[in-house]
Amino acid sequence: MSENAQNRDLTHLPSTGLSRRELDRQLDELQAQMTSEKAGKLSVNSLKGRAEIQRVVESAYVKFFPYNALFTRQEKAAAQIENQVLDMCLSLFNGGSLGCANLTSGGTESIFCALHAMRQWARATRPQITEPEILAPYSLHATFNKTAHFLGIKVVRIPVGEDLLADVDEIQAAINENTIGLAASAPSWPYGLVDPIEAMGKLAQHHELWLHVDACVGGYILPFMRKLDCTIPGYDFSVAGVSSISADLHKYGYAPKPCSTILYRSSEQQRYHYVPVTEWPCGLYLSQAFMGSRPLASTAAAWAVMNYLGERGYVENARQILSVKDKIQRAVGEIDGLATWETHGPLMMIKAEPCHDGSSVNIESVTGAMRARGWVLLGVMEPPALHLTVDPMEEEALQQFIADLIDVTAKVREGDSSALGSLNYGGAGGSQSPKWLLNALAYMDEAQLKQDN
Ligand SMILES: Cc1ncc(COP(=O)(O)O)c(C=O)c1O
């Protein structure tokens with residue numbers, strides 16, 4: 001059998017390895033089938049910044065590729081990299097001299113750590129609570145329910161107001177004897193809006209609750225948008241009452257995955273973060289966050305990109321993102337049947353609105369038809385909308401996106417529904433999906449999908 005044929009249908013380890021040449025050929029072939037760089041600039045799939053940013057990140061990653069950050073605790077250089085990254089991050093959130101932070105693998109782990117610290121704090125300060133709950137707007141990221149599930153915390157989601165923001169009055173009304181904390185977003189994934197965190201901070205202080213701010217997607221771009229005079233409501237430690245913040249370096253910080261941060265107002269909160277273990281034969285086991293082994297490479301690459309761009313570079317990047325966003329927003333404004341809403345930051349949504357002749361555009365068909373043209377976009381279901389994660393984009397690709405959107409919308413209005421797409425976050429599952437996903441979806445019936453975690 002040729003090297004090529006042998007590897008077409010791999011169900012077990014090949015008896016002999018492939019040559020480097022053949023391996024590269026196959027990897028190139030697989031990579032060519034991935035979403036194109038151009039399309040990635042509007043979907044969170046491949047937030048990468050500009051090409052030269054990517055080169056800096058890749059080179060730093062490769063240099064530190066072999067190191068396990070679990071075991072580099074005696075290495076001065078590793079400590080320097082981690083300390084400097086975290087200090088730079090804290091300063092972006094007005095952490096002051098009291099702020100403390102930890103590195104994690106992503107938004108999910110950062111949020112897990114925040115909820116864990118919140119629960120441990122509540123156990124220490126109000127031990128009578130045995131069924132802890134947090135209150136949050138409906139728009140909060142889904143991973144809060146997942147992480148809270150592992151921690152035995154109930155997430156109570158309160159409907160957002162008509163402005164799609166956390167409804168602080170309703171949240172206040174829902175506070176009860178089991179409430180240990182509040183959570184809000186800066187900005188929320190589905191709506192791209194920063195919740196009224198200042199009002200929630202006051203509420204948290206008044207009721208002595210922990211307030212977590214999820215700035216996973218916005219944390220490393222909002223400070224730079226502010227420098228460009230964008231109006232961004234308060235969300236960081238300058239807001240009284242904020243106890244912790246999650247912010248992903250591997251999104252708009254341009255670090256490679258996995259790389260995120262969990263930031264605490266002070267050691268008063270961070271002391272509840274750690275889980276030291278001594279009950280085993282090797283002495284103290286203490287890890288930075290939830291993960292054990294983890295790559296030093298992604299932190300080194302974060303260090304590299306932060307030092308390469310500096311504040312000026314991140315501001316310039318934010319300026320380019322705002323320019324792309326503005327051009328798409330203007331173009332959508334000209335398309336009969338589509339509209340956007342104002343957002344704080346780099347996310348933007350495109351929804352349907354009644355056409356001048358009274359007809360309407362099926363936004364799911366627009367998604368499907370855009371996908372058929374190579375634009376792999378995510379969606380929002382309530383209300384139905386395309387979800388764009390804007391990254392700096394070449395003008396040519398941007399104009400292509402706009403031209404395709406105009407063309408596709410016109411065809412959908414004429415009744416073309418041949419490419420019905422899905423706005424469901426998990427709706428990408430299809431015959432091409434990996435086995436784990438197909439199996440997982442098969443195990444779940446309607447009742448399970450609706451279960452209260
Ligand atoms: C606001 C927000 N929070 C949390 C997350 C989860 O982050 P991760 O996928 O890195 O776990 C995301 C991911 O998009 C997000 O946008």
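Colleague: Looking at this structure, I do not really get the sheet that holds strand β9 (residues 347–352). What am I missing?
Modeller: Sheet strands pair by backbone hydrogen bonding; their relative direction is either parallel or antiparallel. Strand order across the open sheet formed by 4 strands is β8-β9-β11-β10, with antiparallel pairing between neighbours. Pairing within the sheet leaves two strands with one partner each, and these edge strands are β8 (338–340) and β10 (378–381). Mean inter-strand twist for the sheet, computed between neighbouring axes without regard to direction, equals 30°. Of the strand pairs in this sheet, β9 and strand β11 (residues 384–389) are connected by 5 bridges, and their pairing is antiparallel. Bridge pairing in β11 links L347 to T389. Where helix α13 (residues 363–372) meets the sheet, it contacts β9, β10 and β11, and its direction lies at approximately 40° from that of β11.

Colleague: Mind showing me how you'd approach the sheet that holds strand β4 (residues 179–185) here?
Modeller: Pairing within the open sheet is mixed, and its 7 strands lie in the order β1-β7-β6-β5-β4-β2-β3. This sheet does not close on itself; its edge strands, each paired only once, are β1 (100–104) and β3 (154–158). On average, each strand axis in the sheet is inclined to that of its neighbour by 20°, with strand direction left out of account. Bridging between strand β6 (residues 242–247) and strand β7 (residues 260–264) involves 4 bridges; their strand directions are antiparallel. Along β7, the bridge assignment pairs I245 with L263. Its contacts with the sheet put helix α7 (residues 143–151) on β2 (133–137), β3 and β4, and the angle it makes with β3 is roughly 155°.

Colleague: What exactly am I supposed to notice about the nonpolar core here?
Modeller: If you look at soluble globular proteins, the nonpolar side chains tend to sit buried side by side. By size, the foremost hydrophobic cluster in this structure holds 125 residues, and its most contacted members are A136, L182, M200, A300 and A301. Per-element tally for this core: the top contributor is helix α12 (residues 296–333), with 16 residues. Counting contributing residues per domain, this core is built from domain 1 (35–48 + 312–446) and domain 2 (68–294), each supplying no fewer than three.

Colleague: Looking at this structure, I do not really get the site of the ligand. What am I missing?
Modeller: Taken together, 12 residues form the shell around the ligand, and within it G106, G107, T108, H141 and C216 come nearest. Along the lines of polarity and charge, the residues of the shell around the ligand split into 4 nonpolar, 6 polar and 2 charged.

Colleague: What exactly am I supposed to notice about the packing of helix α6 (residues 107–125) against α7 here?
Modeller: Think of two packed helices as two axes; the pair is described by the angle between the axes and how far apart they sit. Where α6 contacts α7, the axes come no closer than 9 Å and their chain directions differ by 45°. Classed by the angle they form, the pair α6 and α7 counts as oblique. Between α6 and α7 the crossing geometry is right-handed. The segment α6 lies against α7, with G107, T108, I111, F112, L115, H116 and R119 engaging T143, F144, T147, A148, F150 and L151.

Colleague: Can you help me understand the domain arrangement of the protein in this one?
Modeller: Put simply, an interface is often sized by how much accessible area is lost when its parts join up. Considered domain by domain, the protein is made up of domain 1 (35–48 + 312–446) and domain 2 (68–294). The C-alpha-based centres of domain 1 and domain 2 are spaced at 28 Å. With 14 residues of domain 1 at the contact, the number on the domain 2 side is 17 residues. The element that contributes the greatest number of residues to the side of domain 1 that touches domain 2 is α12, accounting for 5 residues. Within the side of domain 1 that touches domain 2, the residues separate by chemical class into 10 nonpolar, 3 polar and 1 charged.

Colleague: Could you clarify how one ought to interpret unusual backbone geometry in this entry?
Modeller: Most of the time, phi is negative for any residue but glycine, and the peptide bond is trans. The omega torsion of the bond from A186 to P187 falls at -5°, within 30 degrees of zero and hence cis. With respect to the helices and strands, the residue P187 is situated in the loop between β4 and α9 (197–207). Even without being glycine, E208 reaches a positive phi, approximately 50°. With respect to the secondary-structure elements, E208 resides in the loop between α9 and β5 (210–214). For E208, a count of 10 C-beta atoms within 10 Å translates into the label exposed. Even without being a glycine, D229 presents a positive backbone phi close to 70°.

Cut-offs applied
Residues numbered from 1 in each chain as written. Predicted model: local features only at pLDDT ≥ 70, side-chain atom pairs only at ≥ 80, totals over all residues. Pairing = 2+ DSSP bridges. Helix = DSSP H or I, 4+ residues; strand = E, 2+ residues; numbered from the N terminus. Axes fitted to C-alpha atoms, helices over the stretch in contact; angles between N-to-C directions. Contact = placed C-beta atoms within 7 Å. Core = buried A, V, L, I, M, F, W, Y, C linked by C-beta atoms within 7 Å. Buried ≥ 20, exposed ≤ 12 C-beta atoms within 10 Å, placed from the backbone. Domains from an automatic or database assignment. Near = placed C-beta within 6 Å. Nonpolar A, V, L, I, M, F, W, Y, C, P; charged D, E, K, R; others polar. Parallel < 35°, antiparallel > 145°, perpendicular 65-115°, else oblique. Left-handed = near helix turned anticlockwise from the far one by under 90°.

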